[in-house]
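Examination of the molecular architecture
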Amino acid sequence: MKAIRRFTVRPVLPEPLRPLSDLARNLRWSWHPETRELFRSVDPDGWRAAGGDPVRVLGSVPAGRLAELARDEQFLARLSAASADLDDYLSGDRWYQQQSSGGGEAAELPAAIAYFSPEFGVTAALPQYSGGLGILAGDHLKSASDLGVPLIGVGLLYRHGYFRQSLSRDGWQQEHYPLLDPNELPVTLLRQPDDTPVRVHLALPGGRSLYAHIWVARVGRVPLLMLDSDVEENGPSERDVTDRLYGGGSEHRLLQEMLLGIGGVRAVRAYCALTGHAAPEVFHTNEGHAGFLGLERIRELQQDGTEFDAALEAVRAGTVFTTHTPVPAGIDRFDRHLVARHFGEGAELPAVDTDRILALGRETYPGGDPNVFNMAVMGLRLAQRANGVSTLHGAVSREMFAGLWPGFDPEEVPITSITNGVHAPTWVAPEVRALGARQIGAERAEEALSVGGSLRWDSVTDIPGADIWELRRDLREQLVIEVRTRLRASWRERGAGSAELGWIDGVLDPDVLTIGFARRVPSYKRLTLMLRDRERLTRLLLDPDRPVQIVVAGKAHPADDGGKRLVRELVRFSDDPRVRHRIVFLPDYGMGMAQKLYPGCDVWLNNPLRPLEACGTSGMKAALNGCLNLSVLDGWWDEWFQPDFGWAIPTADGHGLDEDRRDDLEAGALYELIEQRVAPRFYDRDADGLPERWIEMVRSTLADLGPKVLAGRMVREYVERLYAPAAHAHRALDVPGAAELAAWKTRVRTAWPQVAVDHVEVDEASGVAELGATLGLRVRVALGELTPEDVEVQAVAGRVDTSDRLADAQSVPLKPAGGPDQQGRWVYEGPLTLDRTGPFGYTVRILPTHRLLPAGADLGLVALPTEATGEGAGVLMR
Ligand SMILES: *Cc1c(COP(=O)(O)O)cnc(C)c1O
């Protein structure tokens, strides 16, 4: 029989145990081992059955056990200590408060920041993520909480989350979408003082309405607001808007993104009004999906009487956009007619001109599609500050979006980069944490993990080799046990009986070099590169003296049959009785598995097609547990790799090779590294049986990479380099400021066609081009209707290549020296110092400047000399 309706019956906790409920509902337990230990002791079996989820444990613990605990003095003392610790954590001053109290520049710190993301991976108990993007968002919130940064997270609550993966007998990915009941999740419904749920409303075409409720998850100090459209007020199709993460067609996705962006801002407003939380001064969008938030904020300002252009400036000033996509194919794009319909008559944002909205997402660069509305392009136009997620990805992004800033070289495209980090308290195994605490004390160890700072990490070098090796073995052994348990469950699901599964007890060996590879399965990540030469891989696995074992996991997107074929290929290889004790594929990669997998591996493998991995974070989590990286020089590894603590897989990118050939070469390089370098180092033991050189690499990994890969470092960079400047810009752009800037922009755009470099000459008397010589530069420019206050005239000089392109160019402002003449032309002058030998060149350009704008390229306007401008502009010497 099937029930027609389900309820969740909440436990009534005896009075002395009430604080357990608050502890369970603040997700800080997910990175606080002491609190987890407390819940485990409530009901050890229930804890295991609930997958380590306090809300579920409390829902299932027998009343008799609760009564017993309510009388257990020892337990009550631990409970009260845990409660006091959480109170302290929530109310004390942390890093951010120390910055803000400094006055000066620190006084610019925003009162609050709203952080929007389509997915959040906070804990396996709140499965609202598919992969790296979501887990990064979760780590961002947790680190913000540790640092005391006043962030509000904004996302959607998907009733089915992302899918759960299992395998068919022959290795084909199966997808399941278990229903998540919010009443069984660590979230609370946001209600009005009269107890009715707070409701967000969006108008849809055809007179339809989309309503959503708001669930709040507590991530330490940070509230995470999650919009849920599965409410009674909605029609059936609107109820399904938040059904799944990354499911459905294009209109479904558009509705999700409208709810996230527009509904998200409305949810933030409601939350702040109800709780008295400070209103965000900065809005940060993690990838382009939430980009509509900027339109809603324009609407708010228009409603208060601000013109569109001024509202746009005010919104841009306080918006930060992070891109995560290194390929144009990865960008979210909609049919512009679909967008027009949803922002047209009778639908959302009626007061905002639809054409202006469409213009924001138009691909105006060569090769752009005029029928498309591009979310990344809108993201960049609605944010004064944008960034990629590693140094290399920053460069790739500037190149990729350069078409939006015509006339500027890619290096000048205003997209910076902040390299991702990972939340160490979440990702460091308790055993590793304990070793750190023994070394420098628990409090300092916690600070080293959450805030960072390299000094504390240096003490790793004092840990005896034997202790490190014992820890590594312990973690490897735990992984072996975990793998066997998961593999057995997987084979049961694939239809095997227990009698067939005896071999699983011999799967993996706690003393064999263990390589891990787990990630989503888009083709660029090359799940099956290791299978390129199966015989060679088999020899590595079965080597009698220096064997290798490999643990693989990963989900393919449900619509990606190519990815599912890769999964099947790997599963079939690992099903082979010849090698199945040395290579396993574990289904249903997620945070719970990841937390065991990273620490238990000796080597973390990553072999994407360079440069398609924007950053990659799994290798960082592995590194924090003393696992060494073996990776293509892509994303973060390109930036921080050193031979002291890992290996770089040589790549054949940039040689115009076809993909097959490239895969062959790179796979060959991978096998060779494992054979010649990795395995020998692991198995090379000293008289005490310790691999000294390996242990030294583990130490270097922890000491050198540890402080860099922290989300604490990342969030501090966001605060200092993006949030604080954005808050400053936002404050400068009060209503009159924004109107002034908008009017100025219109004036500059209108006048720009008349702006030109008219003539350039070099002072002859300055003599030969020798190092250190200074040339006098004299430039005549036409400014049309503009004046010298509106522009900067610059000399740009540097190395030139064989086609006279400038590289590493420096720009120096020139000074107005006269004008205007009868034709309205101005003269500018300045020195040009020849500060390097070899091919050197310069040019001159005019940029608009305004005190309320950050970068020279912000408007995308520039005037450069033309062929006819004069002999002076060009190459000086060869
Ligand atoms: C960290 C993590 C990812 C992202 O790893 P990448 O190296 O960026 O591919 C994906 N899934 C889970 C479960 C993770 O913990």
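As recorded in an unreviewed UniProt entry, the protein chain goes by glycogen phosphorylase and comes from Streptomyces lichenis. Listed in UniProt under the heading Sequence similarities (unreviewed entry), the comment for the protein chain reads: "Belongs to the glycogen phosphorylase family."

With that out of the way, let us pick up the packing of helix α27 (residues 659-683) against helix α28 (residues 692-705). Two quantities define a packed helix pair, namely the angle between the axes and the distance from one axis to the other. At a minimum axis distance of 6 Å, the contact between α27 and α28 shows a crossing angle of 105°. The orientation of α27 relative to α28 falls into the category roughly perpendicular. Contact with α27, carried on its side by V678, R681 and F682, involves R693, W694 and M697 of α28 and no other residues of that element. Across the contact of α27 with α28, the residue classes tally to four nonpolar, no polar and two charged.

Turning to the environment of L180, a few remarks are in order. Mapped onto the elements, L180 comes out in the loop between β6 (173-176) and β7 (188-189). For the pair formed by L180 and L597, sequence separation is 417 residues and the distance between their alpha carbons is 26 Å. If we ignore the near neighbours within four places in the chain, the residues touching L180 are P127, Q128, Y158, R159, H160, G161 and L185.

This part is about the packing of aromatic side chains. Applying the stated rule across the entire model yields 20 aromatic pairs. Each member of the aromatic cluster is reached from another via a ring pair, and the members are W469, W647, F682, Y683 and W694. The ring centre of Y177 lies 3.5 Å from the NZ or CZ of R244, which sits over that ring. Over the face of the ring belonging to W427 we find K621, whose NZ or CZ atom lies 4.1 Å from the ring centre.

Quick look at the site of the ligand now. The immediate surroundings of the ligand are formed by 15 residues, with K525, Y598, T617, S618 and K621 found nearest. Between the ligand and Y598, the relevant distance is 3.0 Å, taken from an oxygen atom to a side-chain nitrogen or oxygen of the residue. Considering the ligand on its own, with 390 Å² of exposed area, one finds that the protein chains cover 95% of that surface. Taken together, the elements giving at least two residues each to the shell around the ligand come down to α8 (132-147), α24 (591-600) and α25 (618-623). Here the shell around the ligand takes three residues from α24, the largest share from any one element.

Quick look at the pairing of strand β18 (residues 548-553) now. In regular strands, side chains alternate between the two faces of the sheet. Judged by how many residues are buried, β18 sits mostly within the fold: six of six residues are covered. Neither face of β18 is exposed, since V548, I550 and V552 on one face and Q549, V551 and A553 on the opposite face are all buried. Bridge count between strand β17 (residues 513-518) and β18: six bridges; the pairing is parallel. Across the sheet, the residue bridging to I515 is I550, located in β18. Sheet topology note: the β18/strand β19 (residues 583-586) ladder contains four bridges and is parallel.

Per the counting criterion, the structure on display carries 65 salt bridges. In this structure, R778 and E761 form a salt bridge, with 3.8 Å as the shortest nitrogen-oxygen distance. Taken as a pair, R778 in strand β24 (residues 774-782) and E761 in strand β23 (residues 756-762) lie far apart in primary sequence, 17 residues in all. Overall, the relative accessible area of 39% leaves R778 in the partly exposed class. Take E761: its relative accessible area is 32%, and that puts it in the partly exposed class. Linked by salt bridges that have partners in common, R526, R532, D660, R662, D663, D664 and E666 make up one network.

Judged by pairing direction, the sheet is parallel, and its six strands sit side by side in the order β19-β18-β17-β20-β21-β22 without closing on themselves. The open sheet has two edge strands with one neighbour each: β19 and β22 (646-649). Ignoring strand direction, the axes of neighbouring strands in this sheet form an average angle of 20°. Bridging between β17 and strand β20 (residues 603-606) involves two bridges; their strand directions are parallel. Looking at β20, one finds that G516 is bridged to W604. Against the sheet, helix α21 (residues 465-493) touches β17, β18 and β19, its axis set at about 60° to β19. Against the sheet, α28 engages β17, β20, β21 (628-632) and β22, with an angle of about 80° to β21.

So, on to the sheet that holds β23. Here four strands make up an open sheet; going across it, the order is β23-β24-β28-β27 and the pairing antiparallel. A single partner strand is all that each edge strand has here, and the edge strands are β23 and β27 (815-818). Geometrically, the sheet is characterised by an average inter-axis angle of 30° between neighbouring strands, direction not taken into account. Pairing analysis gives six bridges linking β23 to β24, with the strands arranged antiparallel. By the bridge assignment, V762 is partnered in β24 with L777.

What follows is about the domain arrangement of the protein chain. Domain parsing of the protein chain yields domain 1 (15-91), domain 2 (95-421 + 720-732), domain 3 (424-709) and domain 4 (749-869). Distance from the C-alpha centre of domain 2 to the C-alpha centre of domain 4: 40 Å. The interface is formed by 11 residues belonging to domain 2 together with 15 residues belonging to domain 4. Interface area for domain 2 against domain 4, summed over the two sides, is near 1000 Å², with a carbon-plus-sulfur share of 51%. Looking at the side of domain 2 facing domain 4, the largest losses of area belong to Q384, F408 and E412, adding up to 41% of the total buried there. One salt bridge in this structure joins D409 and R805, with 3.1 Å as the shortest N-O distance. Inspection of the domain 2/domain 4 interface yields four residue pairs in polar contact (both at pLDDT 80 or more).

A word on the nonpolar core. If you look at the biggest cluster of nonpolar residues, it comprises 105 residues, and the most contacted ones within it are L513, M530, I550, L630, W647 and W694. Element by element, the count of residues in this core is highest for α27, at 10 residues. I550 has contacts with I515, M530, L537, L541, R582, I583 and V584, leaving out every residue within four places of it along the chain.

What counts, and at which threshold
Residues numbered from 1 in each chain as written. Predicted model: local features only at pLDDT ≥ 70, side-chain atom pairs only at ≥ 80, totals over all residues. Heavy atoms only, no water. UniProt positions renumbered as here; feature names shortened; annotations may be inferred. Axes fitted to C-alpha atoms, helices over the stretch in contact; angles between N-to-C directions. Helix = DSSP H or I, 4+ residues; strand = E, 2+ residues; numbered from the N terminus. Parallel < 35°, antiparallel > 145°, perpendicular 65-115°, else oblique. Contact = heavy atoms within 4.5 Å. Nonpolar A, V, L, I, M, F, W, Y, C, P; charged D, E, K, R; others polar. Phe/Tyr/Trp six-rings, centres within 6.5 Å; stacked < 30°, edge-to-face > 60°. Lys NZ or Arg CZ within 6 Å of the ring centre and 35° of its normal. Near = heavy atom within 4 Å. Polar contact = N/O pair within 3.5 Å; in protein donor to acceptor, adjacent residues only side chain to side chain. Areas by Shrake-Rupley, 256 points an atom, 1.4 Å probe, with all protein chains shown as cover. Buried < 20%, exposed > 50% of the residue type's maximum accessible area, 1.4 Å probe, protein only. Pairing = 2+ DSSP bridges. Salt bridge = Lys/Arg side-chain N within 4 Å of Asp/Glu carboxyl O. Domains from an automatic or database assignment. Buried area = accessible area lost by both parts, 1.4 Å probe. Core = buried A, V, L, I, M, F, W, Y, C linked by side-chain atoms within 4.5 Å.

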